[in-house]
Amino acid sequence: MKFIDCKILRVYLKESDKFNGQNMTQVVVKLLKSHGISGATVFKAQCGYGRRGVSRFDILRLSMNLPVIVECIDYETTFEQVLPELTKIVGENGLITMENIQVVKE
């Protein structure tokens, strides 16, 4: 068994965020795919809060704006190519984080 040094990239958004009239989550996923990122997973949260306020599920509201996290794992060199465009898309609407991880391979 061996360990491979990689990075995990997370993009925190709200589900109703838009970029040029399109759903920002979908724009981010398409961008990651077009840059050859190995895969991405989108998680939808039940509630959360941040600089832009509180987001939560409320049965009395007709619309929801829950937190969404786009997460992907790849090499740092791969992320370096996508980060400039990703930061322009996300702008002040979200948060981008990157951490060191180790992927287990047999």
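All figures in this text were calculated on a predicted structure; none of them were measured in a lab. (Residues numbered from 1 in each chain as written. Predicted model: local features only at pLDDT ≥ 70, side-chain atom pairs only at ≥ 80, totals over all residues. Heavy atoms only, no water.)

Attention now moves to the overall build of the chain. Helix and strand content of the chain: two helices and eight strands. Listing the helices and strands of the chain from first to last along the sequence gives β-β-β-α-β-β-β-β-α-β. The buried share among the 106 residues of the chain stands at 30%. (Helix = DSSP H or I, 4+ residues; strand = E, 2+ residues; numbered from the N terminus. Buried < 20%, exposed > 50% of the residue type's maximum accessible area, 1.4 Å probe, protein only.)

Backbone geometry places Asn20, a non-glycine residue, at a positive phi of 50°. Structurally, Asn20 is set in the loop between β2 (18-19) and β3 (22-23). Taking relative accessible area as the criterion, Asn20 reaches 70% and is therefore assigned exposed.

Turning our attention to the pairing of strand β7 (residues 67-74). For a regular strand, side-chain orientation follows a simple rule: the groups alternate between the two sheet faces. Two elements, strand β1 (residues 2-14) and β7, share eight bridges in a ladder whose sense is antiparallel. What sits directly across from Lys14, in β7, is Pro67. Direction of pairing for strand β4 (residues 40-44) relative to β7: antiparallel, over a ladder of five bridges. Within the sheet, the bridge partner assigned to Phe43 lies in β7 and is Ile69. (Pairing = 2+ DSSP bridges.)

Time to look at helix α1 (residues 24-34). Along α1, the positions that sit buried rather than exposed are Met24, Thr25, Val27, Val28, Leu31 and Leu32. Buried positions in α1, seen along its axis, are confined to an arc of 160° and lie on one side of it. With respect to the buried face of α1, the exposed residues turned more than 90 degrees away are Lys30, Lys33 and Ser34. Just downstream of α1, Gly36 is the residue with a positive phi angle, here 80°. (Arc of directions from axis to C-beta.)

Time to look at the nonpolar core. In terms of nonpolar packing, the biggest core is built from 17 residues, with Leu9, Val11, Val28, Leu32 and Leu86 touching the most fellow members. At the level of elements, β1, α1, β7 and α2 (76-90) are the ones that each hand at least two residues to this core. Tallying contributions element by element places α2 first for this core, with six residues. (Core = buried A, V, L, I, M, F, W, Y, C linked by side-chain atoms within 4.5 Å.)

Angle between the axes and distance between the axes: these two values describe a pair of packed helices. Two elements in contact, α1 and α2, have axes separated by 11 Å at closest approach and are oriented at 170°. Classified by the angle between their axes, α1 and α2 sit roughly antiparallel to one another. Residue-level inspection shows Met24, Val27, Val28, Leu31 and Leu32 of α1 in contact with α2, the latter providing Val82, Glu85, Leu86, Ile89 and Val90. The residue inventory of the contact of α1 with α2, partitioned by class, reads nine nonpolar, no polar and one charged. (Axes fitted to C-alpha atoms, helices over the stretch in contact; angles between N-to-C directions. Parallel < 35°, antiparallel > 145°, perpendicular 65-115°, else oblique. Contact = heavy atoms within 4.5 Å. Nonpolar A, V, L, I, M, F, W, Y, C, P; charged D, E, K, R; others polar.)

Now for the pairing of β1. Summarising the sheet, β1 and strand β8 (residues 95-105) pair through 11 bridges and their orientation is antiparallel. Paired with Cys6 across the bridge in β8 is Ile101.

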